[in-house]
Amino acid sequence: MTDFTLITDADGVAVITWDVPGKSMNVLSREAFATVENLIDQALADDAVKGIVITSGKDSFAGGMDLNTLATIRMESGDDPAQGLFDFTMNGHRILRKLERAGLDPKTNKGGKPVACAIPGTCAGIGTEIALACHRRFMADNPKAKIGLPEILVGIFPGGGGTMRYSRMVGAMAAAPVLLEGRMLDPRKAKSAQLVDEVVPAEDLLSAAKAWVLSATDADIVKPWDQKGWKMPGGTPYHPAGFMTFVGASAMINGKTKGVYPAAKALLSCVYEGALVPFDTALTIEARWFTSILMNPSSSAMIRSLFLNKEALEKGANRPPVADQKVTKVGIMGAGMMGAGIAHVSANAGIEVVLIDAAQEAADRGKAHCEGLLDKGIKRGKVTAEKKAQVLSRITATTDYAALSGCDLIVEAVFEDVGVKAEVTKNVLKVVPGDCIFATNTSTLPITELAKASDAPEQFIGIHFFSPVDKMMLVEIIKGEKTGDIAVAKALDFVRQIRKTPIVVNDARFFYANRCIIPYINEGIRMVKEGVAPALIENAAKLVGMPLGPLQLTDETSLDLGAKIAKATKTAMGSAYDDTVDEVIFGMVEAGRLGRKSNAGFYAYDDAGKRQGLWHGLADTYPVAEHQPDLIEVQHRLLFVQVLEAVRALEEGVLEDIREGDVGAILGWGFAPWSGGPFSWLDILGTPYAAERCDQLTQTHGARFACPALLQEMADKGQSFYGRFGTGADSKAA
Ligand code: NAD
């Protein structure tokens, strides 16, 4: 069986069906590209064929290009990977151009065969680019299906002609949400955006496409850019309107990406340059920019972390080989901010939820929080009233532990207090079935310690959500010393049900994410104390791709939480504790500047709670020094404190897989996504340079930058992290 097959019907319509055997979604491989070209040739050469319909044998049309293909081509191209990638891209252009021209005479634009695309469901990346090369696109009216070009989200851009075709169809400005933001649209929105021409009932999809093919004339199938006198909608760069668009778009991209995402800039350059030349030259320009982006280490790292490895983790790359542990009924202890959020995502995934708090009002408040989130969804058109009713009917808010009977998973999210948690654990274990898995959502307390409240520590585990639960995609699963395989599988299967991304780590102070993010916050505050201008600290962080500067992040998470963690850490660490930043944190707390929640922190806020700018009063206590460090020095301090902690976590066996370290960092705390994560960033820098930088930073700023032995050893041997630990199952550090 091949990925594409051709059957010509009695009316002379050649139906090319894309149906990759053994996959739930079609992805395009190099071999399949060659197959489809043969079928196109066959259909165009066959006099009995009047036109072509390209469709899918699955509910969806396509998930995109098999990104592993790009990695393979690069590897196979030896000394000149750029040439290999460029040739591959140009070959794709040639095939799709052949489809688009469909036998039309180059001089008269006559004599071609109409080609329609019948899209039954979700369609992304190269799937959409194939559709754009067709003459007319029909999509089934399925509101759950989405179509778009999301390449930019993994650090590349549409390189199968999509950039040139779509910008020429709608103009650079209108193309921006699809090309630059990677927005996926439902069929109706896609029709307004001209990604599809007709939205039809699913059962009529093929017949509508065939009917169009049989009635289309030459005039219907010549693309606008192949017609004489064609003008780019919205104007080319030298047209007054086009000029405004491109100047504005350039500023917008730099504002949004802070210049650290090469793909966004390349995409805009590509559209700009392509608009000035004939279409076939424009495709060559697209191929050159696309190759340049594929050769950029940031893009390869983003593809690896945000696409390949994220997906591998979601599919259970580190799941123990035990039977399915799907959750049917979850008990959530504590209906506060986290508990309510966890209840919401669980019920949303079809799981029955018992939401328990100490008082009925608190439990009801938790359920009301879920209702609020569903109402927001309704307002945005993402949730129906029916779905809301269904989700809410799955949540029982109560104080009665008896309701927990039959639960196969408990997620405890009560106060962060060992005593309170132990008591709740004991009481829960009295009423749940013996094989129920007990998970705690603690953010700071050791799992092994908390597991002592249970007689079955092998059934005890950490499932650490991030706030706000509905938005944050990472879930950190923490194994205590005695946690067993079934508990790990249960946690992973639960995370899969609620469609989030898991990482599995071992038990140690602050696990993985908080272990790295706290030093980032502390480094920012430390700089304030040293007299580094707060604006420099914040902007340096953002200019290197961190979503929030360390001071804003402190305001968001609150200074009193910082003080609480500082106190607890000091108690736990004793004399090893570094208290340099405590003075600043405690001083702010004493002054009532707790951050956003008190409308006052490192930033000033107006009465409505809107952030105004950095708080000038800070300079009274911590005057800005006359001499200010370089931007790069500040950025390296902020990034190195995080990545060195990640390396130590790997060295100590807290992290077992560098893929989890990278994916977890980006999804958990927004670590500079352009870099692909801490380990990818160190690979981009090169371990020898990274080790050298550690020495310099240690000399100037202290021992927290000391090069970990693992990094030093790798630097001495000239190894990279992905080179040493690999990218597949062999990426386990152990
Ligand atoms: P919260 O104060 O909003 O909620 C805690 C809830 O637990 C309250 O509703 C409280 O009434 C309830 N509770 C306390 N004792 C109880 C008992 N004996 N029985 C039943 N209910 C009880 O706190 P939160 O922010 O939701 O945090 C809960 C847990 O999640 C903590 O362990 C925290 O460390 C962890 N966590 C918090 C965050 C965050 O950003 N807030 C992130 C990750 C993990």
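What you see is a predicted model; the values in this text were computed from it and never measured.

What follows is about the site of the ligand. Taken together, 20 residues lie near the ligand, and Met-338, Asp-357, Glu-416, Lys-421 and Ser-443 sit nearest. Here the ligand has 830 Å² of accessible area as a free molecule, and 75% of this is covered by the chains. Listing elements by their share of the shell around the ligand, those giving two or more residues are helix 14 (337–348), helix 17 (418–431) and strand 17 (460–465). In terms of residue count, the dominant contributor to the shell around the ligand is helix 17 (3 residues). The residue makeup of the shell around the ligand, split by class, is 10 nonpolar, 7 polar and 3 charged.

The omega torsion of the bond from Ser-467 to Pro-468 falls at -5 degrees, within 30 degrees of zero and hence cis. Note that Pro-468 resides in the loop between strand 17 and strand 18 (474–479). Even without being glycine, Ala-102 reaches a positive phi, approximately 45 degrees. Positionally, Ala-102 belongs in the loop between helix 3 (81–101) and strand 6 (115–119).

Moving on to the packing of aromatic side chains. Per the stated rule, a full pass over the model turns up 12 aromatic pairs. Each member of the aromatic cluster is reached from another via a ring pair, and the members are Phe-4, Trp-18 and Phe-61. The ring of Tyr-722 is capped by Arg-304, whose NZ or CZ atom sits 3.5 Å from the centre of that ring. Between Arg-611 and the ring centre of Tyr-603, over which it is positioned, the NZ or CZ distance is 5.3 Å.

In this structure, Tyr-512, Phe-640, Phe-679 and Phe-721 are the most contacted members of the largest nonpolar core, which totals 91 residues. In terms of residue count, helix 26 (residues 631–651) provides more of this core than any other element does, 11 residues in total. Excluding anything up to four places from it in sequence, Phe-721 contacts Val-647, Leu-650, Ile-658, Phe-679, Leu-682, Asp-683, Thr-687, Leu-710, Leu-711, Met-714 and Gly-726. By size, the runner-up hydrophobic cluster in this structure holds 83 residues, among which are Leu-96, Ile-156, Leu-179 and Met-232.

Our focus in this paragraph is the packing of helix 23 (residues 559–573) against helix 24 (residues 582–590). In the contact formed by helix 23 and helix 24, the axes pass within 9 Å of each other and the chain directions differ by 135 degrees. As judged from the angle between their axes, helix 23 and helix 24 are oblique. With respect to the hand of their crossing, helix 23 and helix 24 are arranged in left-handed fashion. Of helix 24, the residues touching helix 23 (which contributes Leu-559, Asp-560, Gly-562, Ala-563, Ala-566 and Lys-567) are Asp-582, Ile-585, Phe-586, Met-588 and Val-589.

Conventions adopted
Residues numbered from 1 in each chain as written. Predicted model: local features only at pLDDT ≥ 70, side-chain atom pairs only at ≥ 80, totals over all residues. Heavy atoms only, no water. Near = heavy atom within 4 Å. Areas by Shrake-Rupley, 256 points an atom, 1.4 Å probe, with all protein chains shown as cover. Helix = DSSP H or I, 4+ residues; strand = E, 2+ residues; numbered from the N terminus. Nonpolar A, V, L, I, M, F, W, Y, C, P; charged D, E, K, R; others polar. Phe/Tyr/Trp six-rings, centres within 6.5 Å; stacked < 30°, edge-to-face > 60°. Lys NZ or Arg CZ within 6 Å of the ring centre and 35° of its normal. Core = buried A, V, L, I, M, F, W, Y, C linked by side-chain atoms within 4.5 Å. Buried < 20%, exposed > 50% of the residue type's maximum accessible area, 1.4 Å probe, protein only. Contact = heavy atoms within 4.5 Å. Axes fitted to C-alpha atoms, helices over the stretch in contact; angles between N-to-C directions. Parallel < 35°, antiparallel > 145°, perpendicular 65-115°, else oblique. Left-handed = near helix turned anticlockwise from the far one by under 90°.

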